[in-house]
Amino acid sequence: MEASTALSSTPQFEPDIEAIKLRLIKHGVYPTPKIIRALRKKQLLKHKRKHTKMAQTLQPPPLTPSQKRALAEDSHFLAVKREYRDFSKDVKAEARSSSSGLLVGRPWEMIEKVKLKEIAGDSKEFNGDKLKMENLRELKEIFEDGLKWVLDNDIEIEEEGDDSLWSQNRRLWDPTKRRCSDKQAIRFLVDRLSSRTVTVKDWKLAKIMKQSGLQFSEGQLMKIVEGLGDKGKPEQAMAVVEWVYNDKERRDCRSRFVYTKLLSVLKKERRPKEALIIYNLMREDCSIYPDMAAYHTIAVTLGQAGMLKELLKIIECMRLKPSKKIYNRYNKNWDPILEPDLVIYNAVLNACIPNKQWKGVSWVFQQMRKSGLTPNAAAYGLAMEVMLNSGKYDLVHELFRKMNRRGESPKALTYKVLVGAFWKEGKVNEAVKAVRDMEQRGVVGNASVYYELARCLCNHGRWRDALLEVNKVKGLRYSRPLEVTFTGMIMSARDGGHLSDCISIFEYMKAYCVPNIGTINIMLKVYGQNDLFSKAKELFEEIKGSKNEISLVPDEFTYSAMIEASASALQWEYFELVYREMVLSGYQLVQSKHALLLVEASRVGKGHLLEHAFDAALEAGEIPHHLLFIEMVFQATAQQNYERAVILVNTMSYAPFQISERQWEDLFLKNRDKITRESLKKLLDALGNSDVTSEPTIVNLSRTLLSQCGSDRSCLPEDSVVDETENTIVEHCSFDEEGSNDTDEVCRLRREGLVSSEEMGADGYEIEYGIGLNEDDDSCTSKLPSANEILSSWKESRNSGIFRNSSNNKVDHLSLN
């Protein structure tokens, strides 16, 4: 106000005309009235602008409503504070002068307010329905398990160490008033992200990131990615980097070092596909274009995964100029072309090992010579491993000699490859000599070298000599646990055919360490493959009891090994016992491995086990093995349940496999004592009198039955016709009220001799039975249901009892409920 008053009281400005004239004359300009008026007007406008600017500077800006409200609250608070201070002084003076003591209560509160508090404070009993403890427990479990994210704001941060001030105060995490350092915030953020699965589009990720209060600079982001990598969470690390750099404010500040750190995390977790995605993303932007460190990381990642083709493409990209479409390309002459070094070439050699590309070794060494590089000990060791994996043992020794001539000191892993080569060649003494040469040279032995030599000795029946190598393993770094070492020795002795050595190693092992479940599984296989069922049974019962020091829980491999041992020893009662325990433990037999065992069990009266395995496969969404189908058809035919046999065959025709004539013929020939010729005739009659499909499996069965029954027409369906020249059966053709379908029409033409097999073509029988027709003609194709429809129909048939045996051997015998 004072400033505005002072400005308003200032006299009006008037330019000095004489000064204007003198200035014009000084510069050689004649002062005409027109020029003087223009200069006068210009000085007036200049003075006005200056005056306005000064007024705006001196006058404060108008207050906003929130500022006015804050000023009013402050003034009210000061007034109340002043009144309370004056009142307190009066109360204290009254107390000193009076003998009645201090006043009780708050005299400034009205009596109505005190009564209201008394009424509201009265405790009254709740008269509603009684709360159910079950619902409260369920609500508690929901909050503890599924709704932990609701309480994210109430998570406490604890400083490292129990005696810290932070741990004692137990302060709640408040992102708006964060008092911890960036290191603590990063650690807390990493812990929260690693405890859940988040994606870039997940709102929880955005909430957690914003609550951290971090600016997500280059250094902070690298520490976050590294922390998530240490916890084995590469997905969360990728999501964090993508979320941060998707922000418009940080999109132009992407860091090459952050992406390189992310590549190293993916390398550690063996995620080559994700690493390739990040690498390709880096090549699209100039600001994060890969440097040599990034190339090293992606090359090692692909080399460990054996992705040789992708690695060679990366080497080509290193030597090519970047694409013109690259983003943020400010400098037209920018050219980050690089040449591969030893690290990248060694990664190529590493990728050649699983691919057995032994010719790639010469290419790598040739490229090194062109680049002026000298192979180091690691390059020679990897090259030797490539040759070992490819079976080129002579080249392994040649590379080792070449390595010594070049003056490269062999490493411990190089001797491991050398031992492996001698092992494959059967030169055990040379392998031992190589390890002793390593020790004489002063090379610090690696645990894998002695482990490889111990397995080599066990494979050739020298397990006692192998124990000396095991003693050397104990004090070395990166050594396997003893139980793992002994398990490998047992497996090697088994592969070498030394049964007694396997048992001796196992007994020796129990004196030094407790066998794990892997050792138990291997010994069960050893006992089962060598007709030692009693020992296998004793070991299996032992791990289920309390005799062992550490409780071992049988897994699916344990049950599988014991079932195989029981079947090989023809102990079918114990076979059923183990099968029951396996099912109750939540495991299921592998159809490809154990289908034949179930068939053998069914032949000795354990058909309910086969039917249970059939049902279990359907429940798991799998298609039962064809051996299960064939055996169930055989059992139904042997029990003269032809209706069930026809249903099973018709159902089997929709499966993605076909049963050939040879398979049907072998089935009937091997079981002539159980299936008579009369039974085959009745089965053929049942097929002819049933509405079955025209699939190859049923066609092959019909032909097999015809050949088994002979040329007797009495065993054929009434409407079937025999082609004497081709010895085939023409399918029973049915007609509905509206006419015949395409298949029936083909049958009619074939029966009347209007169409011959030669006119049908090479696949005449397929056309004859309605399969293999032109796919473009929808009216001629056999409309087969999908796999899901087939499984659904099979499950409905199973529930209705069609697949079940009518005899007393039912699945209920397992007592699984």
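Owing to the predicted nature of the structure, the values given are computational and were not obtained by experimental measurement.

1. Some points on the nonpolar core
Within soluble globular proteins, side chains that are nonpolar tend to cluster in buried spots. Residues Leu-193, Met-209, Ile-224, Val-240, Met-489 and Phe-575 are the most contacted members of the largest nonpolar core, which totals 176 residues. Broken down by element, this core gets its largest block of residues, nine residues, from helix α18 (residues 377-389). Discounting residues that sit within four places of it in the chain, Phe-575 has contacts with Ile-563, Ser-566, Ala-567, Leu-597, Leu-598, Ala-601 and Leu-609.

2. A short note on the environment of Tyr-478
Within the fold, Tyr-478 resides in the loop between α23 (463-473) and α24 (482-495). Residue Tyr-478 is classed as exposed on the basis of its relative accessible area, which comes to 67%. Residues Tyr-478 and Ser-448 lie 30 residues apart in sequence; the distance between their C-alpha atoms is 8.4 Å.

3. What about the packing of helix α20 (residues 412-425) against helix α22 (residues 447-459)?
Where α20 meets α22, the axes come as close as 8 Å, and the angle between the chain directions of the two elements is 10°. In terms of orientation, α20 and α22 fall into the roughly parallel class. Across the interface between the two elements, Ala-412, Leu-413, Lys-416, Val-419, Gly-420 and Trp-423 of α20 pack against Ser-448, Val-449, Glu-452, Leu-453, Arg-455, Cys-456 and Asn-459 of α22. Its residues placed into classes, the contact of α20 with α22 shows seven nonpolar, three polar and three charged.

4. As for helix α12 (residues 256-268)
In a regular helix each residue adds 1.5 Å, so 13 residues correspond to 18 Å; α12 covers 19 Å between its end C-alpha atoms and thus fits that length. Of the positions making up α12, those classed as buried are Val-258, Tyr-259, Thr-260, Leu-262, Leu-263, Val-265 and Leu-266. Buried-residue contacts for α12 involve α10 (218-230), α11 (234-245), α13 (272-282) and α14 (292-305). Two residues or fewer after α12 comes Arg-270, characterised by a positive phi angle close to 55°.

5. Thoughts on a positive patch on the surface
Where like charges cluster on the molecular surface, the positive patch consists of Lys-42, Lys-46, Arg-49 and Lys-50. Within the element layout of this structure, Lys-46 appears in helix α3 (residues 33-58).

6. Here we look at unusual backbone geometry
Of note, Arg-270 is a non-glycine position whose phi angle comes to about 55°, a positive value. Relative to the elements of secondary structure, Arg-270 occurs in the loop between α12 and α13. Although it is not a glycine, Leu-570 adopts a positive phi angle of roughly 60°. Following the sequence through the fold, Leu-570 ends up in the loop between α28 (556-568) and α29 (572-584).

Rules and cut-offs
Residues numbered from 1 in each chain as written. Predicted model: local features only at pLDDT ≥ 70, side-chain atom pairs only at ≥ 80, totals over all residues. Heavy atoms only, no water. Core = buried A, V, L, I, M, F, W, Y, C linked by side-chain atoms within 4.5 Å. Buried < 20%, exposed > 50% of the residue type's maximum accessible area, 1.4 Å probe, protein only. Helix = DSSP H or I, 4+ residues; strand = E, 2+ residues; numbered from the N terminus. Contact = heavy atoms within 4.5 Å. Axes fitted to C-alpha atoms, helices over the stretch in contact; angles between N-to-C directions. Parallel < 35°, antiparallel > 145°, perpendicular 65-115°, else oblique. Nonpolar A, V, L, I, M, F, W, Y, C, P; charged D, E, K, R; others polar. Expected span 1.5 Å × (residues − 1). Patch = residues over 30% accessible without salt bridge, like charges linked within 9 Å, V, L, I, M, F, W, Y side chains within 5 Å. Areas by Shrake-Rupley, 256 points an atom, 1.4 Å probe, with all protein chains shown as cover. Salt bridge = Lys/Arg side-chain N within 4 Å of Asp/Glu carboxyl O. Lys, Arg positive; Asp, Glu negative; His and termini not counted. Charge placed at Lys NZ, Arg CZ, Asp CG, Glu CD.

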